[in-house]
Amino acid sequence: MDATIKLIGKILDAIGSLCSILLLLMIANVFYDVIMRYFFNDVSIAMQELEWHLFAGMFMFGIAYTLKEDAHVRVDIFYDAMSKRKQAMINIFGSICFALPITLLIFYYSWDYTLEAYNMGEGSADPGGLPHRWIVRSVIPASSSFLVLAIVYVVLTQVKILIANGNSSTDEQGA
C-alpha cells in the first residue's frame, strides 16, 4: 500500500508542477497581451483566449493536487476537535460518497463533450481566435481522471491512518 500511495503522490505532485508552469505561462501571456494592447494598440483574440485556456487548465488540474495536499476548503470548527481516527473516517466517507460520484459523473459526460468538439473540428467563434476547441475541452475529462487518482490517494492514506491508529492505544485521546 505504501508503494501505491507513493506512486500516486508522485503523479499528483507532477500535476501540481504542471499547474505552476501553466500559471507562469498565463502570467507571461497576460503581460504580453497588456503590453501589446496599451503600448502598441494591437489586440490579439487568440492571446486573450489562450489566457482562459491556461487558467482553465491550471484550475482544473489544480483540483486534484489541492485534494492530495489536503488544502481544500473545509469547515474545521468540528473537524479539528475530532480524533485522527474520526477525521480519517470522515475523509473516507466524503471521498467515496461525495467526491467520487460527482467526479465520475463529470468524467462520463465530459468525454462525449470533448469528442464532439474534436469530431466537428470546433474552433473559436471569433475571427482570429484559437482553433481546436477540443484541446481545452479535453482538460475536463483529463482533470477528472487525476481527481479520481487523488480520491484514491486520500482513501488509501486515510485507511493507513485508521490501521495505524487501530494498532495504538492512544486512539481515543481526541474523541
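Residues numbered from 1 in each chain as written. Predicted model: local features only at pLDDT ≥ 70, side-chain atom pairs only at ≥ 80, totals over all residues. Heavy atoms only, no water.

1. Notes on the overall build of the protein chain
Turning to step 1, where the next piece is worked out: Tallying secondary structure elements over the protein chain gives six helices and zero strands in all.
Turning to step 2, where the next piece is worked out: In the protein chain, the succession of α and β elements from N to C terminus is α-α-α-α-α-α.
Turning to step 3, where the next piece is worked out: Here the C-alpha radius of gyration of the protein chain, 21 Å, is well above what a compact globule of 175 residues would show, namely 16 Å.
Turning to step 4, where the next piece is worked out: Principal axes of the C-alpha set define a box for the protein chain whose edges measure 70 × 40 × 30 Å. (Helix = DSSP H or I, 4+ residues; strand = E, 2+ residues; numbered from the N terminus. Rg over C-alpha atoms; globule rule 2.2 N^0.38 Å.)

2. Describing the environment of lysine 68
Turning to step 1, where the next piece is worked out: Structurally, lysine 68 is set in helix H2 (residues 45–68).
Turning to step 2, where the next piece is worked out: For lysine 68, a relative accessible area of 14% corresponds to the buried category.
Turning to step 3, where the next piece is worked out: A sequence separation of 87 residues divides lysine 68 from valine 155, and the C-alpha atoms of the two residues are 10 Å apart. (Buried < 20%, exposed > 50% of the residue type's maximum accessible area, 1.4 Å probe, protein only.)

3. Considerations on the packing of aromatic side chains
Turning to step 1, where the next piece is worked out: Counting across every chain of the model gives six aromatic pairs.
Turning to step 2, where the next piece is worked out: Geometrically, the ring pair formed by phenylalanine 93 and phenylalanine 98 is edge-to-face, given 5.6 Å between the ring centres and 90 degrees between the ring planes.
Turning to step 3, where the next piece is worked out: Its relative accessible area of 46% is what places phenylalanine 93 among the partly exposed residues.
Turning to step 4, where the next piece is worked out: Lying over the aromatic face of tyrosine 113, arginine 137 brings its terminal NZ or CZ to 3.7 Å of the ring centre. (Phe/Tyr/Trp six-rings, centres within 6.5 Å; stacked < 30°, edge-to-face > 60°. Lys NZ or Arg CZ within 6 Å of the ring centre and 35° of its normal.)

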